[in-house]
Each structure stands twice: as C-alpha cells, then as structure tokens.
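# Overview (structure and organization)
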Amino acid sequence: EAEQHAAAAASATLDDFVPPVLPEADEVTVGGVTLSAVLLGILLDEADQHLATLSHGLAVLQFDPQQQPSQERVRASHTLCGIHRTGGFPLVASLAKTLELCLIDLQFHEPPLPPSVQPVLARAVMVLDALVARIKSLAAFDADDETEVADVVRELESLRQTPSDRAVDAESRAAALAERDER
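Now for a quick tour of the structure. Here the residue index of a chain counts from 1 through its sequence in written order. Given that the model is predicted, a residue must reach a pLDDT of at least 70 before its local features are reported, and side-chain atom pairs must reach 80 or more before they are shown or counted; all residues, however, enter totals for whole chains, interfaces and linings. Each side-chain value is derived from all of the structure's non-hydrogen atoms; neither hydrogens nor water enter the calculation.

With that out of the way, let us pick up the pairing of strand β1 (residues 27-30). Remember that side chains alternate between the two faces of the sheet whenever the strand is regular. Type-normalised accessible area, obtained with a 1.4 Å probe on protein chains alone, sets the label of each residue: buried when under 20%, exposed when over 50%, and partly exposed for intermediate values. Numbering of helices and strands runs from the N terminus, with a helix taken as a DSSP run of H or I at least four residues long and a strand as a DSSP run of E at least two residues long. A one-sided burial pattern is seen for β1, the buried positions being Val 28 and Val 30 and the unburied ones Glu 27 and Thr 29. As paired elements, β1 and strand β2 (residues 33-36) share four bridges and run antiparallel to each other. The partner of Val 30 across the bridge, within β2, is Val 33. Should DSSP find at least two bridges between two strands, the strands are taken to pair.

Among the secondary structure elements, Gln 107 is positioned in the loop between α5 (90-106) and α6 (117-136). Here Pro 69 takes part through its backbone oxygen, which lies 2.8 Å from a polar atom of the side chain of Gln 107. Here a polar contact is taken to be a pair of N or O atoms separated by no more than 3.5 Å, where protein atoms must pair a possible hydrogen donor with a possible acceptor and residues adjacent in sequence count only if both atoms sit in side chains.

This brings us to the nonpolar core. One finds Leu 95, Leu 99, Leu 121, Leu 128 and Leu 156 to be the most contacted residues of the largest nonpolar core, which totals 46 residues. Listing elements by their share of this core, those giving two or more residues are β1, β2, α3 (37-63), α4 (71-87), α5, α6 and α7 (143-159). Of all the elements, α5 adds the most residues to this core, at eleven residues. In this analysis, two residues are considered to be in contact whenever any of their non-hydrogen atoms come within 4.5 Å of each other. Leu 121 has contacts with Leu 58, Leu 61, Arg 73, Leu 99, Cys 102, Leu 103, Leu 106 and Leu 156, leaving out every residue within four places of it along the chain. What we call a nonpolar core is a set of buried Ala, Val, Leu, Ile, Met, Phe, Trp, Tyr and Cys residues that are connected through their side-chain atoms within 4.5 Å.

In this section: the packing of α3 against α4. For every element, the axis is a line fit to its C-alpha atoms; helices are fit only across the contacting stretch, and the angle between N-to-C directions ranges from 0 to 180 degrees. Close contact between α3 and α4 brings their axes to 9 Å; oriented N to C, the two are set at 150 degrees. One way to sum up the angle between α3 and α4 is to call them roughly antiparallel. For α3 against α4, the interelement crossing comes out left-handed. Residues Leu 43, Glu 46, Ala 47, His 50, Leu 51, Thr 53, Leu 54, Gly 57, Leu 58 and Leu 61 of α3 form the contact with α4, whose own contacting residues are Glu 72, Arg 73, Ala 76, Ser 77, Thr 79, Leu 80, Ile 83, His 84 and Gly 87. Residue composition of the contact of α3 with α4, by class: nine nonpolar, seven polar and three charged. What sets the label is the angle itself: under 35 degrees gives roughly parallel, over 145 gives roughly antiparallel, 65 to 115 gives roughly perpendicular, and the rest give oblique. In this scheme the handedness of a crossing depends on how the near helix is turned from the far one: anticlockwise by less than a right angle means left-handed, clockwise means right-handed. Note on residue classes: Ala, Val, Leu, Ile, Met, Phe, Trp, Tyr, Cys and Pro are nonpolar, Asp, Glu, Lys and Arg are charged, and everything else, Gly too, is polar.

A side chain of one charge can pair with a side chain of the opposite charge when the charged atoms of the two come close. Salt bridges are identified by distance alone: a Lys or Arg side-chain nitrogen within 4 Å of an Asp or Glu carboxyl oxygen. Under the defined criterion, the tally for this structure stands at seven salt bridges. The shortest N-O distance in the salt bridge between Arg 123 and Glu 148 comes to 3.9 Å. Of this pair, Arg 123 sits in helix α6 while Glu 148 sits in helix α7, and the two are 25 residues apart along the sequence. Given a relative accessible area of 22%, Arg 123 falls into the partly exposed group. In this structure, Arg 134 engages Asp 142 in a salt bridge whose closest nitrogen and oxygen atoms are separated by 3.8 Å.

Below, the structure is given as structure tokens:
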C-alpha cells in the first residue's frame, strides 16, 4: 500500500495538490457599506490585532488590580475607532472611542481600580469583538446591536467620573497620542 501512495505521489502534478484559485470579488458589501475586498481584509486583520491587545490588557487588570490601563490599550481602542470610522462602520467606531476615553480617564485613578471597572471593560471588548465578527461574516448591524452598543457606552461613561476639567484633559491627551502615532 505504501508503494501505491508513493507511485501516486510521484506521478501527481502540482495542480493535483494546489486547489484552483477562484477569483475574488473586487468589492464586498457589509450592510450598506461597500469596500474593496483588500481594504476589508486589512481592516479585519488590524481589528483582530487590536482586539487581542485589549483582551490581553483585560487579563492583566483582572490578575493584577494594581495595574492601570496601559497606553497600548488606549492606542488599540483609538486605532479601532479610526479604522472603523474610515471603513464606514460608525457603530464600532463610537464604542471604541468611548472605550478609549474611558481608559484614558481610568489612568488618572489611583490603583487599585474599583471592582466595578473590570466587568464593564470586559463587556465593551466582548461587544467590539462581536461587532467585528459580524463584519467578518458580512452581516449588517441590526437594532439589537445598536441597543447593546448604546448600553455599553452608557456603562463606560458611568466609569468616567473625573471632574470635567480632567475629562477635557483626557480628550486632549487622546488627541496628542493620535498625533504622535501618525508621525
């Protein structure tokens, strides 16, 4: 039997091992958004990387309550916002932006962070992950997605309880980070 497999492999051509490449569509539509397939692929690859950064940061906060949200997590949220705004997915962008500002605000708190923070941040990352999964499946967002995002945005905003002058400072800090990252 081994000789038969060896003979079959020896007589096979490269075409027997490589599946045919089917032409991909140049454009892909997700809900009401049409993007080039290449751009969507880049957006989704980047989103996966930034979601992994956020998930790792959650684990760090969960197991070490003395930790503060890192700049890496702030940048991941910031970039998720930007790529989804540019790609035409404002629902993802708005949640990512609110998460970014919440993380910046939490950096002003003295450790440890209140126990109520972790579940809210975890839910925000979980919802972002679910929204990106919907984009991957080329499914449009629905009213339930919009309601869930609105709920999570409210929860994140409830964590932002610094005085308004510091909240403005958080906005300025986020803008400075974005500008620095673009250089």
